[in-house]
Amino acid sequence: MLELDDKGLGVLVDAFYARVRTDPALGPIFNDAIADWPEHLEKLAAFWSSVMLTSGRYKGQPVPAHVKHKHHITPALFDRWLALWAQTTNELMVPDAAEALQDRAGRIAQSLQLAMFFRLDD
Ligand code: HEM
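Quick caveat, the model's predicted, so the values are computed rather than measured.

1. Remarks on helix 6 (residues 95–117)
Part 1 of the argument: Compared with an ideal rise of 1.5 Å per residue, which puts 23 residues at 33 Å, helix 6 spans 32 Å between its outermost C-alpha atoms and is within 8% of the ideal.
Part 2 of the argument: When helix 6 is considered as a whole, its buried residues turn out to be Ala-97, Ala-98, Leu-101, Ala-105, Ala-109, Leu-112, Gln-113, Ala-115 and Met-116.
Part 3 of the argument: Packing partners of the buried residues in helix 6 comprise helix 1 (6–22), helix 3 (37–53), helix 4 (62–67) and helix 5 (75–92).

Spelled out as C-alpha cells, the structure:
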C-alpha cells in the first residue's frame, strides 16, 4: 500500500489516468484533449502534491482548463471520475490516505462543477 508522499502520489496518478484513458465514458474526452501524456501526468502529480502535501509544485489554473471543455463534460462524468478515483485510491493507498484523497477530490469536483455548469457570464 502506498503512503501519502510524492512517490505514492506519482504512482497513484499514473495508475488512475491509465484507467481513465481506457474508460468508455471518460477516455475519449481525455484522449482528444491531451496531446502530451507524460507532461499531463507530471502536472497532475504536481497538483496532488500541492493539494495534499502543500508543496507548491503546481502553478496552473484548473478552472479555465475545465471550463474550456464544458460542452463535452456532464455532472454524470464527474460521478464516473470520482468512482474511478475511489476505486483506484482504495486499491493502492493506505486507508487514511485513500479517505483523505477521496474527500479532497469530492470537494474539488464540486467547485469545478459550480464553475463549469453554473456560470452566469457566458
Ligand atoms: C486537466 C478533464 C475532473 C484536475 C484536465 C484536462 C481535461 C480534463 C480534458 C486537460 C485540459 C487541457 O489542457 O485542455 C476532466 C474531466 C473530469 C475532470 C472530464 C471529470 C468529469 C477533474 C477533477 C480534478 C481535476 C475532479 C481534481 C480533483 C485537473 C487538473 C488539470 C486537469 C489539475 C490540469 C490543469 C492545468 O492545465 O493546469 N482535466 N477533468 N480534473 N484536471 Fe481534470
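Now that the structure has been shown, the text picks up again.
2. Things to note about the site of the ligand
Part 1 of the argument: Around the ligand there are 21 residues in total, and Lys-43, Tyr-58, His-66, Lys-68 and His-69 lie nearest to it.
Part 2 of the argument: Note that an oxygen atom of the ligand is positioned 3.3 Å from one of the side-chain N or O atoms of Lys-68.
Part 3 of the argument: Here the ligand occupies the largest pocket.
Part 4 of the argument: Counting only elements with at least two residues in the shell around the ligand, the list comes to helix 2 (27–33), helix 3, helix 4, helix 5 and helix 6.
Part 5 of the argument: Among the elements that take part in the shell around the ligand, helix 3 stands out by supplying five residues, more than any other.
Part 6 of the argument: Among the residues forming the shell around the ligand, the class breakdown is 14 nonpolar, five polar and two charged.

Thresholds, definitions, all that
Residues numbered from 1 in each chain as written. Predicted model: local features only at pLDDT ≥ 70, side-chain atom pairs only at ≥ 80, totals over all residues. Heavy atoms only, no water. Helix = DSSP H or I, 4+ residues; strand = E, 2+ residues; numbered from the N terminus. Expected span 1.5 Å × (residues − 1). Buried < 20%, exposed > 50% of the residue type's maximum accessible area, 1.4 Å probe, protein only. Contact = heavy atoms within 4.5 Å. Near = heavy atom within 4 Å. Polar contact = N/O pair within 3.5 Å; in protein donor to acceptor, adjacent residues only side chain to side chain. 1 Å grid on protein atoms, 1.4 Å probe; cavity = no way out; pocket = protein on both sides within 12 Å on 5 of 7 lines; lining within 4 Å. Sits in = over half its atoms within 2 Å of the grid points. Nonpolar A, V, L, I, M, F, W, Y, C, P; charged D, E, K, R; others polar.

Shape descriptors only; they carry no functional weight alone.
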